[in-house]
Amino acid sequence: MRLTRKYRFSASHRLHAPQFGEAENRALYGKCNNPFGHGHNYEIAVTVGGPVEERSGRVVDLALLDGLVRREVIEPFDHRNLNEEVEAFRALVPTSENLGREVVRRLKQNWRAVFPAGGPRLECVAIAETGRNAFEVSAYEIE
Amino acid sequence: MGVMLVTRRAEFSASHVCRNPELSEKENRELFGAAANPHGHGHNYVLEVTVEGTPDPVSGMVADLRSLKETLNRRVIEIYDHRFLNREVPPFDRTIPTPENIAIDIWRRLASHLEGPRARLHNVRLYETPDLYVDYFGDGA
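Residues numbered from 1 in each chain as written. Chains lettered and ligands numbered in written order. Predicted model: local features only at pLDDT ≥ 70, side-chain atom pairs only at ≥ 80, totals over all residues.

**Comments concerning the interface of chain A and chain B**
For step 1, the next point in the chain: Facing the 14 residues of chain A at the interface are 15 residues of chain B.
For step 2, the next point in the chain: With 5 residues, the top contributor of residues to the side of chain A that touches chain B is strand β1 (residues 2-13) of chain A.
For step 3, the next point in the chain: Counted by class, the side of chain A that touches chain B contains 6 nonpolar, 3 polar and 5 charged residues.
For step 4, the next point in the chain: Relative to strand β5 (residues 132-136) of chain B, β1(A) runs antiparallel, the two being bridged by 4 bridges. Along β5(B), the bridge assignment pairs A:Arg5 with B:Leu132. (Contact = placed C-beta atoms within 7 Å. Helix = DSSP H or I, 4+ residues; strand = E, 2+ residues; numbered from the N terminus. Nonpolar A, V, L, I, M, F, W, Y, C, P; charged D, E, K, R; others polar. Pairing = 2+ DSSP bridges.)

**Some thoughts on the pairing of strand β1 (residues 4-16) of chain B**
Residue and element names in this part refer to chain B.
For step 1, the next point in the chain: Two elements, β1 and strand β2 (residues 41-53), share 13 bridges in a ladder whose sense is antiparallel. Considered in β2, the bridge of Val6 is made with Val51.
For step 2, the next point in the chain: Pairing of β1 with strand β3 (residues 83-84), which is carried by 2 bridges, proceeds in the parallel orientation. Paired with Ala14 across the two strands is Arg83, which belongs to β3.

**Some points on the environment of B:Asn44**
All names here are of chain B.
For step 1, the next point in the chain: With respect to the element layout, Asn44 can be found in strand β2.
For step 2, the next point in the chain: Placed 35 residues apart in sequence, Asn44 and Ile79 show a C-alpha to C-alpha distance of 15 Å.
For step 3, the next point in the chain: Setting aside residues up to four positions removed in sequence, Asn44 forms contacts with Glu11 and Ser13.

The values reported here are purely geometric and, on their own, carry no functional implication.
Spelled out as structure tokens, the structure:
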């Protein structure tokens, strides 16, 4: 059984790779390269898999999942400038691809402290920057 | 021609309460939160049923969508819609109607009726709210 829960946060970012020149950045990222950044209402879908527990009829304790996602993702990202305020994006372009991988990394690093071995597994994270695009990262692809 | 997935969506509105009678009031609260409120509450459930198969070379179809719609209506929607699941829809008199258990029950109600020469049930996706859904693939996992 898989369960997917959606969460939201709003944040600003700027796409700019210091390895490229000004013209290249502009050509590659377009408006997303505007110097002062811009923001999105992000939606993230966290998918968890595992057996349905007899006692609760559930695959995951939602209060524990919500608490983990809130602490590791929503609180550090919501109403922040991702480039300036999230350590991982000081040296890494905060594209949705990289954001998805960072969310998976944060959840995986703290998963065992919340869910016991044999309990629910993190399967994947999908990030929608706007309603017109979505990026899905499998949890098995990230260390 | 390769395997293709075809998904049909349907909706039903129902009430439920999530409690395990073997647990204390406090344990039920911790486990289910507001969903344990004893008189129940309701949702607009959205059901997405996905069938997998190889399109028929003549009709170009994996499954007859009209018959799929009728099967969903007869086997699930007419039974679930505008009901209090714990009181009116077995097995929820003895099984907690979490979205996980509802998806398993819907799978059991549908699987044998969607088994055809070219197609079979692939998964049942059930949205309890727009922000929470489960997928059941019928493998017991």
